[in-house]
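Results of the structural survey
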Amino acid sequence: MKTPRSSWPTLLAALFSLVLVPSAFAQTGTIAGVVIDGDTGDTMIGANVSIEGTMIGTTTGIDGDFQFKADVGTYTVLFSFIGYNPIRVQNVEVLDGEVTRLEVTMTFQTEELAEIIVEARALQNTEASLLSQRAKAAGVSDAISAEAISRSGSGDAAAAMTKVTGASVVGGRYVYIRGLGDRYTSTTLNGSTLPSADPDRKAFQLDLFPSSLLDNIVTLKTFTPDKPGDFSGGLVDVATKSFPDAFTLQISSSFTYDSNASLNDNFLSYEGGGTDWLGYDDGARGLPSALEGKDPEAQLPSQADLRDVRRGVTNEMRAARADSVNAFARAFNTRMLPTIESAPVNYSFSTAIGGTGSLFGRQLGYTGSVTYGRSYSFYDDGEFGQWALRGGAVDDVDNLIAESYFGSNPDPTQITEADPLELNTYTNTQGSDEVSWGLSGTLAYRLSPTNELNFTALRTQSAENEATVLAGFRDQSRTATYLTRSLAYEERGLQTYQLRGEHAFAPLLIEWKASYGENTQEEPDLRYFTNTADIRDFASGVDTLYSLGGGNAPPPQRFFRDLAEDNLGFKLDLTYDFKQWNGLGAKVKVGGALDVAERTFRQRRFEYQEGRSIDFRDFDGDYEGYFSEESLGIIDTLQVRDIVAYDAGLYITENSPQLANYDATRDVAAGYAMIELPVTQRLKLIAGARYETTQLESISQDERLSDSLRIGTLDNKDWLPSLNVVYALRENMNLRAAATRTLARPTFRELAPFQSFDFIGGDILEGNPLLNRTLITNYDARWEWFMNPGEIIALSGFYKQFDEPIERVLRTVGEGRFISYQNVPEATVFGLEFEVRKGLASFTSNPFLSRIVLGGNFSLIDSQVDIPEEEMVIIRASDPDAEDTRQLEGQSPFLLNLNAGYENYETGTVVSLYYNIFGDRLSVVTEGATPDVFEEGYADLDLTISQRYKSNWRLKVTAKNLLGTDARQIQTFKDTEYTYFGFTRARTLSVGLSYVID
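Looking at the overall build of the protein
Of regular secondary structure, the protein possesses 11 helices and 54 strands. Sequence-distant contacts, at least 24 apart, represent 71% of the contacts inside the protein between residues at least 6 apart. When the accessible surface of the protein is summed, it comes to about 41900 Å², and 55% of that surface belongs to carbon and sulfur atoms.

Shown next as structure tokens:
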């Protein structure tokens, strides 16, 4: 008999159960959970757990967790530990094949021995567990659990971080904590530092982590000496799943409609390779073999070489040069322009599995997951404008002047420099096709209840195929339309391996981590083609004259960029537990860490040149004909008597200056010591210091530069003290204060003195090898009330003093605009944060309303940066009344997140509504009195509805950007807004279906 298709998931689950959990068919269940020290908030190792009146039980492991089998029934479970009050948990119900989860908090034994009796309550809300950890944490922290991530409809870690207090996400990848830029945020994976795959930023790209890989994300906002010292806004620790309580299996798929891209028949793209769907280029964009082994600085034959008739230059030599011109010119494919296609809907698939078994009689936990997704994005109403203050003093000027502008439907009252005949040809259109997948696996092996090893392997890959068409004007060609197109493909890859060990030899706990990570970013065959189209009104009618643009634009060109970074890390922590004078639990912690990183960046650039036999103006806008095979290489052969010479059409030259290449290394070694000391039952001090040494070097490959310009170095030795004070106003209410010192280092890219740009006509980015690191003094205070499990009210304040912060700055040199980096003297940031999460069950017995939880957080932040004196001289030449401070780059003045959730465990219905908005943040510091560029704040409203069917099937519907807000960067001058960059953000609607065994 043929098996019905719909039963395959059930059969698959049964097969895994049969192989991995042979006892699944017995009438047994599992009791599992965690035991926590009520005084310190730490998990308790070696606590005894047993069923009353039986020999069935176990002891808690290295993470305070326990798990054992029991026959179906209702029991009383006993918890005991020397020196602590024993606990009896009554009415623990064990169901066939299911896991009953318990969380027990044990308190230190007083003079009167008292047994604590509680009723069993299964753990259903892992947010409550995270809040419990926050209540006892050494520093100020926030967190989001896997449960909350799923409820929010977040597809990756970056999207999940938008729901965290004081956090915002830029570009869908980079996390800003407390409104500070990404340079003040660090990211770790299970406590080990992660490298950044972005050559221009420090922050890790959190969109590389699919949400199905995550257990939780914890954000630390105050520094303690056992953490890396290079953060001020926050340290984001991404935790992957480790020991499951029982066998779990999840198979999911989703489809998403994007209002801009999906089913769009005018989607911009271009032909790639046969493996683009895997996130890899199959060689279709690879550097041709004819050029691969070539010395980048060796000159290729030019048109002049083909006609060189100087003494000693023979026909054979010219023929060889002609063959070389043909080989190189025809080595590349001829596609230089985007194509128009139709885009499908976005889709994703994932599978995750986990469970426990035994190996050599010891517990073995395992998790694994596979994720895959493909998404399309598009806009055809983009705007990009470069604006400047011209004409003297601010009081004498009424408006800014556009130095360049690319965008649809330009405002002629602002774009006064452009020829009115050209305006209706302007456009700013982009299509993007992104593929991402990830593999993750963890093995956790318990050598004994007090010794555990964990190995985690993670591999992610993403690739983005992007086609862009821009039409507008530049200041040098304001009477003609300036057209530029780019075809870009970017691969990002991350693989990281981490081995962790925890060994408890009471009262000593030894924890160590060894990790290796490799990050790559490749941009094969990045293509630019730029020309001008001059529309003129002749006596015979309107006609268009086409030109390559002469000095206004570079020739057609192709780039090949490769970045590779290796990170090796090791961390050792020794924790000694002891009782202070009143018998309260205290600990001393010492340790060290070593992080070593190496990066190489290489770029090659090839340009098309016109020989004597070709002229773009003759093609009258026939772009395909211009780049056809017939236009490439040798087109004409000339013979005068016995001399044979050649004329070329389009031919290739290489312009790959060594300035564009750099190598970099970073060695950071650290040692620390700290103590967690309860002075009284209510007052606890966490104090210590970290000593970090930094050796960072970024070396340009251009040996013609002096060492001071070619080599950027940091050689620092820093003491980073930390003091945290926690005072328990009540059992569930804390008052916290902290004073710490941290630092921020420039990135490899910021120190490297090479130039790059995003598109022709855009700003050029260059490094500064003279940068210094930033020292930050931090002061924090927080009042927090953990009202009930899963509920909190918190109010925080903070003040930060920056010494030599690093900022991006715009400089104009001749006709070029350069964005670089500089240290400014000092900056301050201070702010308030408010967070609340409260269920309505405390106020009503209505069965519907009592299942609703409301939450929100609000951050109000002010920042000031001292403008360097040399800048102020330039600014006040045009604006004598200009202030000598400005907002810190990347700093949002406010952040607001609101959410409402309904959850019915009996019916499996979950409804969540999220709203978040951030205030305008400084994006680019401009030159002189020209107004700075600000990213305009926008609001997001997202809705997620999830429904469980027949216990294993789950349907999820998610709608995002319901308000349809746009993204804009603006400059404001005399109450008029000028768009620096902007486009319409898409609304999305996704439907997902999952099959879950847990």
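Quick look at the side chain of Thr481
Inspection of the secondary structure assignment puts Thr481 in strand β25 (residues 481-505). With sequence-adjacent residues up to four places away left out, Thr481 is seen in contact with Glu422, Thr425, Tyr426, Ala471, Gly472, Asn531, Thr532 and Ala533.

With respect to the packing of aromatic side chains
Taken as a whole, this structure holds 36 aromatic pairs when the rule is applied. Taking 5.8 Å as the distance between ring centres and 85 degrees as the angle between the ring planes, the aromatic pair formed by Tyr528 and Phe559 counts as edge-to-face. Here Tyr528, found in strand β26 (residues 508-538), pairs with Phe559, found in strand β28 (residues 557-579); they are 31 residues apart in sequence, far enough to count as distant. Classification of Phe559 by relative accessible area gives buried; the value is 1%. Note on Phe616 and Tyr626: the rings are 5.0 Å apart at their centroids and 80 degrees apart in plane angle, and the pair reads as edge-to-face. You can see Phe616 sitting in the loop between β29 (585-610) and α8 (623-626) and its partner Tyr626 sitting in helix α8, a full 10 residues away along the chain. Here Phe616 falls in the buried class, since its relative accessible area comes to 1%. Each residue in the set Phe529, Tyr546, Tyr608, Phe616, Phe619, Tyr623, Tyr626 and Phe627 is aromatic and connected to the rest through ring pairs, giving one cluster.

Section: the nonpolar core
Counting residues in hydrophobic clusters, the biggest one holds 26 residues, and the most contacted among them are Tyr662, Phe748, Phe754 and Val924. Once you skip the residues sitting within four places of it in the chain, Val924 turns out to touch Arg808, Leu810, Ile819, Asp932, Val933 and Tyr980. By size, the runner-up hydrophobic cluster in this structure holds 24 residues, among which are Phe328, Leu483, Tyr623 and Ile652.

Focus: the environment of Ile917
Relative to the helices and strands, Ile917 is located in strand β47 (residues 909-918). The sequence separation of Ile917 and Gly937 amounts to 20 residues, and the corresponding C-alpha distance is 6.6 Å. Here Ile917 is in contact with Phe894, Leu895, Leu896, Tyr938 and Ala939, once residues within four sequence places are set aside.

Some points on the pairing of strand β31 (residues 643-648)
Counting buried residues in β31 gives 5 out of 6 residues, a clear majority hidden from the surface. Here strand β30 (residues 634-640) runs beside β31; their pairing, made up of 6 bridges, is antiparallel. What sits directly across from Val640, in β31, is Ile643. Joining the antiparallel neighbours β30 and β31 is a turn of 2 residues, in which Arg641 adopts a positive phi near 55 degrees.

Some words on the pattern of salt bridges
With the rule as written, the count across this model stands at 43 salt bridges. Between Asp226 and Lys589 there is a salt bridge, with the nearest N and O atoms lying 3.0 Å from each other. In this pair, Asp226 sits in the loop between β14 (214-220) and β15 (234-240) while Lys589 sits in strand β29, placing the two residues 363 residues apart along the sequence. For the pair formed by Asp226 and Lys589, the shared burial category is buried. Note that Arg604 and Glu654 form a salt bridge whose closest N and O atoms lie 2.8 Å from each other. Residue Arg604 is found in strand β29, and its partner Glu654 is found in strand β32 (residues 650-654); the two are separated by 50 residues along the sequence. Both residues of the pair, Arg604 and Glu654, count as buried.

A word on the sheet that holds strand β1 (residues 28-37)
Within the open sheet, the 3 strands sit side by side as β4-β1-β7. Their pairing is mixed. Only two strands of the sheet have a single neighbouring strand rather than two, namely β4 (65-71) and β7 (99-106). Averaged over all pairs of adjacent strands, the angle between their axes in this sheet comes to 25 degrees, without regard to strand direction. Where β1 lies against β4, 7 bridges are found, and the strand directions are antiparallel. Bridge pairing in β4 links Ile31 to Phe68.

Remarks on a nonpolar patch on the surface
On the surface, a cluster of nonpolar side chains totalling about 510 Å² of accessible area is made up of Tyr257, Leu263, Ile945, Val957, Leu989 and Val991. Mapped onto the elements, Ile945 comes out in strand β50 (residues 939-949). What makes Ile945 partly exposed here is its relative accessible area of 37%.

Observations concerning the pairing of strand β36 (residues 733-744)
Two faces, one strand: in a regular strand the side chains alternate between the faces of the sheet. In terms of strand pairing, strand β35 (residues 711-730) meets β36 through 8 bridges, oriented antiparallel. Within the sheet, the bridge partner assigned to Tyr727 lies in β36 and is Leu735. Where β35 folds back onto β36 in an antiparallel hairpin, the turn is made up of 2 residues. For β36 and strand β39 (residues 774-785), the ladder comprises 12 bridges, and the chain directions are antiparallel. When the bridges of β39 are listed, Leu743 appears paired with Leu775.

Details of the environment of Ala388
You can see Ala388 is positioned in strand β21 (residues 383-388). Residue Ala388 is classed as buried on the basis of its relative accessible area of 9%. For the pair formed by Ala388 and Gly928, sequence separation is 540 residues and the distance between their alpha carbons is 9.3 Å.

A look at helix α11 (residues 869-878)
What sets the pattern is the α-helix's 3.6 residues per turn: residues three or four places apart point alike. Among all positions of α11, only Glu871, Met872, Ile875 and Ser878 are buried. All buried residues of α11 project into a common sector of 120 degrees when viewed along the axis, lining one side. Opposite its buried face, α11 presents the exposed residues Glu869, Glu870, Val873 and Ala877, each directed more than 90 degrees away.

Regarding the confidence of the model for the protein
Residues of the protein with pLDDT of at least 70 account for 86%, and the chain-wide mean is 84. Within the model, pLDDT remains below 50 along residues 1-26, and this stretch shows 26 contacts once partners closer than five positions in the same chain are excluded. Note on residues 121-125: pLDDT under 50 across the span, and 11 contacts to partners over four residues away in sequence or across chains.

Some points on unusual backbone geometry
Here the amide bond leading from Ala506 into Pro507 is cis, since omega sits at 5 degrees, within 30 degrees of zero. One non-glycine residue, Asn409, adopts positive backbone phi at about 50 degrees. Mapped onto the secondary structure, Asn409 falls in the loop between β22 (401-407) and β23 (427-448). Given the relative accessible area of 72%, Asn409 is considered exposed. You will see that Asn961, though not glycine, has its phi angle at about 55 degrees, which is positive.

Digging into helix α7 (residues 315-329)
With 15 residues, α7 should cover 21 Å at 1.5 Å per step; its first-to-last C-alpha distance of 21 Å lies within 8% of that length. Turning to α7, its buried residues are Arg318, Arg321, Ala322, Ser324, Val325, Asn326, Phe328 and Ala329. If you follow the buried residues of α7, they end up packed against α5 (289-292), α6 (303-306), β30, β31 and β32.

Overview of the environment of Thr58
Note on placement: Thr58 falls in strand β3 (residues 57-59). Overall, Thr58 belongs to the partly exposed group, its relative accessible area being 26%. For the pair Thr58 and Ala47, spaced 11 residues apart in sequence, the C-alpha separation works out to 8.5 Å. Sequence-distant contacts of Thr58, that is, excluding residues within four places in its chain, are made with Ala47, Asn48, Val49, Phe66, Gln67 and Phe68.

Side note on the side chain of Glu750
Mapped onto the secondary structure, Glu750 falls in helix α10 (residues 748-751). Classification of Glu750 as buried rests on a relative accessible area of 4%. Of note is the side chain of Glu750, whose polar atom sits 2.9 Å from the backbone nitrogen of Thr747. Residue contacts for Glu750: discarding those within four places in its chain leaves Arg183, Gly767, Asn768, Leu771 and Tyr821.

What counts, and at which threshold
- Residues numbered from 1 in each chain as written.
- Predicted model: local features only at pLDDT ≥ 70, side-chain atom pairs only at ≥ 80, totals over all residues.
- Heavy atoms only, no water.
- Helix = DSSP H or I, 4+ residues; strand = E, 2+ residues; numbered from the N terminus.
- Contact = heavy atoms within 4.5 Å.
- Areas by Shrake-Rupley, 256 points an atom, 1.4 Å probe, with all protein chains shown as cover.
- Phe/Tyr/Trp six-rings, centres within 6.5 Å; stacked < 30°, edge-to-face > 60°.
- Buried < 20%, exposed > 50% of the residue type's maximum accessible area, 1.4 Å probe, protein only.
- Core = buried A, V, L, I, M, F, W, Y, C linked by side-chain atoms within 4.5 Å.
- Pairing = 2+ DSSP bridges.
- Salt bridge = Lys/Arg side-chain N within 4 Å of Asp/Glu carboxyl O.
- Axes fitted to C-alpha atoms, helices over the stretch in contact; angles between N-to-C directions.
- Patch = residues over 30% accessible without salt bridge, like charges linked within 9 Å, V, L, I, M, F, W, Y side chains within 5 Å.
- Arc of directions from axis to C-beta.
- pLDDT = per-residue confidence, 0-100.
- Expected span 1.5 Å × (residues − 1).
- Polar contact = N/O pair within 3.5 Å; in protein donor to acceptor, adjacent residues only side chain to side chain.

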